[in-house]
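# Architecture and fold: a report
Here is what each chain is made of, one letter per residue.
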Amino acid sequence: MTPDFFMREALKEAEKAFEIGEVPVGAVIERHGQIIGRGHNRTETWKDPTAHAEIIAIRQAAETLGGWRLLDSNLYVTTEPCSMCAGAIVLARIKTVYIGTMDPKAGACGSLMNILQDERLNHNAEIRAGVLEEECRQLMKEFFQNLRQQKKSTERTHQEEQ
């Protein structure tokens, strides 16, 4: 199976986040061709700042394998991981991270910094960016356009009530 296949699975997770009003980031972890972990953002739903798609997928994969070392595993994520998630990726010993679209505001896998390939750390992960980039970027763009429209609509309603 190709990286596109697994990124499409990550996009399905991102769409689940979109549907519940979460920032649409999705992630899957694959090992030897099998998906062992899935996740989508749930920070608002769970009221938990650590409930990012990557963290949820890592927890599920660790549970599936019965251990925290995710050796020979690959992560597919629709948006570049933040510093928290990048740190968890290093700690989990994930081999390769496939990224849909980069995040110039908070990305820690090449945009703002590159935690995954910092030679001072005890593990480094390979990075492959741009997998289904347009689809991943478009989903994020649509989410934030909808959010801005909702905010304007709410402001307009509030002004009319006064």
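What comes next concerns the included structure. What you are looking at is a predicted structure, and each value in this text was computed from that prediction instead of being measured. (Residues numbered from 1 in each chain as written. Predicted model: local features only at pLDDT ≥ 70, side-chain atom pairs only at ≥ 80, totals over all residues. Heavy atoms only, no water.)

## Describing the overall build of the chain
- On a plain count of helices and strands, the chain comes out with five helices and five strands.
- Moving toward the C terminus, one meets the helices and strands of the chain in the order α-β-β-α-α-β-α-β-β-α.
- Along the first, second and third principal axes, the C-alpha atoms of the chain reach 60 × 30 × 30 Å.
- Counting the 162 residues in the chain, one finds 43% classified as buried.
- The contacts in the chain between residues at least 6 apart in sequence include a share of 57% that link residues at least 24 apart.
- Carbon together with sulfur atoms contributes 50% to the accessible area of the chain, which is approximately 9,000 Å² in total.
- In the chain, the 20 positive side-chain charges and the 24 negative ones have mean positions that sit 2 Å from each other. (Helix = DSSP H or I, 4+ residues; strand = E, 2+ residues; numbered from the N terminus. Buried < 20%, exposed > 50% of the residue type's maximum accessible area, 1.4 Å probe, protein only. Contact = heavy atoms within 4.5 Å. Areas by Shrake-Rupley, 256 points an atom, 1.4 Å probe, with all protein chains shown as cover. Lys, Arg positive; Asp, Glu negative; His and termini not counted. Charge placed at Lys NZ, Arg CZ, Asp CG, Glu CD.)

## Here we look at the sheet that holds strand β4 (residues 96–101)
- As summarised here, the arrangement of the five strands in space is β2-β1-β3-β4-β5, forming an open sheet in which the pairing is mixed. Of all the strands in the sheet, just β2 (34–40) and β5 (126–129) have a single pairing partner and so form its edges. Between one strand axis and the next, the sheet turns through 20 degrees on average, direction left out of account.
- Packed onto the sheet, helix α1 (residues 3–19) meets β1 (26–31), β2, β3 (73–79) and β4 and runs at close to 145 degrees relative to β1.
- Sheet strands in contact with helix α3 (residues 53–65) are β1, β2 and β3, and its direction is about 145 degrees off that of β2. (Pairing = 2+ DSSP bridges. Axes fitted to C-alpha atoms, helices over the stretch in contact; angles between N-to-C directions.)

## Here's the deal with the nonpolar core
- Within the largest apolar cluster, 30 residues are counted, with the highest numbers of intra-cluster contacts made by Ile-29, Ile-94, Val-97 and Leu-116.
- Setting aside chain neighbours within four positions, we find Leu-116 in contact with Ala-86, Ile-89, Val-90, Val-97, Ala-108, Cys-109, His-123, Asn-124, Ala-125 and Ile-127.
- Ranked by size, the runner-up nonpolar core spans 12 residues in total, among them Met-7, Tyr-98, Val-131 and Cys-136. (Core = buried A, V, L, I, M, F, W, Y, C linked by side-chain atoms within 4.5 Å.)

## A look at the packing of α3 against helix α4 (residues 83–92)
- Two elements in contact, α3 and α4, have axes whose closest approach is 9 Å; the angle formed by their N-to-C orientations is 20 degrees. Classed by the angle they form, the pair α3 and α4 counts as roughly parallel. Here α3 and α4 pass one another in a crossing that is left-handed. Between α3, through Glu-54, Ile-55 and Ile-58, and α4, the contact on the second element is made entirely by Met-84, Cys-85, Ala-88, Ile-89 and Ala-92. (Parallel < 35°, antiparallel > 145°, perpendicular 65-115°, else oblique. Left-handed = near helix turned anticlockwise from the far one by under 90°.)

## Here we look at the pairing of β2
- In this structure, β1 lies alongside β2, joined through six bridges in antiparallel fashion. Counterpart to Arg-31 in the pairing with β2 is Gln-34.

## What to know about the side chain of Arg-93
- Tracing the sequence through the fold places Arg-93 in the loop between α4 and β4.
- Salt bridges are absent for the buried Arg-93, whose nearest opposite-charge side chain, Asp-72, sits at 12 Å.
- Engagement of the side chain of Arg-93 in a polar contact is seen with the backbone oxygen of Leu-91, the distance being 2.8 Å. (Salt bridge = Lys/Arg side-chain N within 4 Å of Asp/Glu carboxyl O. Polar contact = N/O pair within 3.5 Å; in protein donor to acceptor, adjacent residues only side chain to side chain.)

Geometric values such as these leave the question of function open.
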